[in-house]
Amino acid sequence: LLQEIQQQMNDNMSDNIKTEVINEEDEVTATLEEESIEQADASRNNFCGVLHGGRPDDEEPHIKKTLKRFGVKIDLILRVDLKSLGISEDDFDDLQSLFQLFDYDKDGILNLKETQRVLRCLGLRTTDDQTRSLALLVSADKSGSSLSFNEYLRLVSIERRAEPDQQSLTDVFQSLDPESTGFIEELTFRKIMKSKEGISDNDVNEMIAEYRKMQSSSAELTPGSQTSIQYKEFISMLQQ
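It should be emphasised that the depicted structure is a prediction, and the values quoted were computed from it without experimental measurement.

1. Side note on the overall build of the protein chain
In step 1: Within the protein chain, the secondary structure is distributed over 12 helices and six strands.
In step 2: With 240 residues in all, the protein chain has 38% of them scored as buried.
In step 3: A separation threshold of at least 6 residues defines the contact pool for the protein chain, and within that pool the share at least 24 residues apart is 59%.
In step 4: About 14,700 Å² of surface is accessible on the protein chain, with carbon and sulfur atoms providing 49% of the total.

Here it is, written out as structure tokens:
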């Protein structure tokens, strides 16, 4: 019987997410029955329908639940090609952790306010209407009121590939300047610029060299200005 349960659990595991194989000890000591998990799934689906009414009823699941020794482990299901989206493995880990942080009910879907908070962490300060407009670019929810995990990854990819305007760049830099000094460290600046698709190390070096040249012609230099960047001045330089 234990071997049959082991085989059934292995067959249900997805290649797209990382899960742990349940060993015999876990199976013996697990207290949750499959029937209880199915009932919980049904309850969650009904709950999702109430929370995210604009989403299609027949969409594929966004999470996978695995029976563990001390409960049920919930994993997000990855359905998009990260390479085509320009998202590295390290980026994916960070983006997934950020999504999970704000997915309070662990259903693999963010509501409007949760989406807004995630976007703020990514440097995008949006109103409710702006958040809906961004969600509508990728979301199956035609009301723009929710965003699934895979839709969120596609939206991040779209935003990274978009040509940044002055306000969006300012918002990104300000999110990394909590004390509103107007400066960020050059190393931090390099990481931000290199995260944009199509910007190489040489491009970043040329931009910084141009900024330093402009800075050297200024009569007023502040302590630490050689290792930091006044980002509003830099953005103005880019827009010229």
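2. Describing the side chain of Q230
In step 1: Among the secondary structure elements, Q230 is positioned in strand β6 (residues 228–230).
In step 2: Here the side chain of Q230 touches K232 through a polar contact of 3.0 Å, landing on its backbone nitrogen.
In step 3: Q230 has contacts with G182, F183 and Y211, leaving out every residue within four places of it along the chain.

3. Quick look at unusual backbone geometry
Most peptide bonds adopt trans geometry, and most residues besides glycine take a negative phi value.
In step 1: Even without being glycine, K106 reaches a positive phi, approximately 55 degrees.
In step 2: Position of K106 relative to the elements: it lies in the loop between α5 (89–102) and β3 (109–111).
In step 3: The partly exposed category is assigned to K106, whose relative accessible area is 38%.
In step 4: Of note, the phi angle at S180 is positive, near 55 degrees, even though the residue is not glycine.
In step 5: You can see S180 is positioned in the loop between α9 (166–175) and β5 (183–185).

4. Let's talk about the packing of aromatic side chains
In this description, an aromatic ring pair is defined by two values, namely the gap between the centres and the angle between the planes.
In step 1: In total, this model carries seven aromatic pairs according to the counting rule given.
In step 2: Summarising the aromatic geometry, the rings of F99 and Y152 are spaced 5.2 Å apart at their centres and angled 45 degrees between planes, so their arrangement reads as tilted. With F99 in helix α5 and Y152 in helix α8 (residues 149–161), the pair connects residues that are 53 residues apart, well separated along the chain.
In step 3: Looking at F99, the relative accessible area reads 0%, which means it is buried.
In step 4: Here the aromatic residues F92, F99, F149 and Y152 are joined through ring pairs into a cluster of three or more.

5. A few points about the confidence of the model for the protein chain
In step 1: Within the protein chain, residue pLDDT values average 76, and 70% of them lie at 70 or more.
In step 2: Note on residues 12–40: pLDDT under 50 across the span, and 45 contacts to partners over four residues away in sequence or across chains.

6. Examining helix α10 (residues 186–194)
In step 1: All buried positions along α10 are accounted for by E186, F189, I192 and M193. For α10, the arc enclosing every buried residue in end-on projection is 115 degrees, short of the 170-degree limit, so these residues lie on one face. Opposite the buried face of α10, at more than 90 degrees from it, the exposed residues are L187 and K191.

7. Observations regarding the packing of helix α6 (residues 112–121) against helix α7 (residues 128–136)
In step 1: Their axes nearest at 10 Å, the elements α6 and α7 cross at an angle of 90 degrees. What the angle tells us is that α6 and α7 run roughly perpendicular. Packed against α6, whose contacting residues are L112, K113, T115, Q116 and L119, the element α7 presents D128, T131, R132 and L134 at the interface.
In step 2: Considered class by class, the residues forming the contact of α6 with α7 number three nonpolar, three polar and three charged.

8. Considering the packing of α5 against α8
Each pair of packed helices can be described by the angle between their axes along with the distance between the axes.
In step 1: The contact between α5 and α8 brings their axes to 11 Å, and the two run at 125 degrees. Considering their axes alone, α5 and α8 lie oblique with respect to each other. Crossing geometry of α5 relative to α8 is assigned as right-handed. Contacts between α5 and α8 involve D91, F92, L95, Q96, L98 and F99 on the former and, on the latter, F149, Y152, L153, V156 and R160.
In step 2: Split into classes, the residues belonging to the contact of α5 with α8 amount to eight nonpolar, one polar and two charged.

Thresholds applied
- Residues numbered from 1 in each chain as written.
- Predicted model: local features only at pLDDT ≥ 70, side-chain atom pairs only at ≥ 80, totals over all residues.
- Heavy atoms only, no water.
- Helix = DSSP H or I, 4+ residues; strand = E, 2+ residues; numbered from the N terminus.
- Buried < 20%, exposed > 50% of the residue type's maximum accessible area, 1.4 Å probe, protein only.
- Contact = heavy atoms within 4.5 Å.
- Areas by Shrake-Rupley, 256 points an atom, 1.4 Å probe, with all protein chains shown as cover.
- Polar contact = N/O pair within 3.5 Å; in protein donor to acceptor, adjacent residues only side chain to side chain.
- Phe/Tyr/Trp six-rings, centres within 6.5 Å; stacked < 30°, edge-to-face > 60°.
- pLDDT = per-residue confidence, 0-100.
- Arc of directions from axis to C-beta.
- Axes fitted to C-alpha atoms, helices over the stretch in contact; angles between N-to-C directions.
- Parallel < 35°, antiparallel > 145°, perpendicular 65-115°, else oblique.
- Nonpolar A, V, L, I, M, F, W, Y, C, P; charged D, E, K, R; others polar.
- Left-handed = near helix turned anticlockwise from the far one by under 90°.

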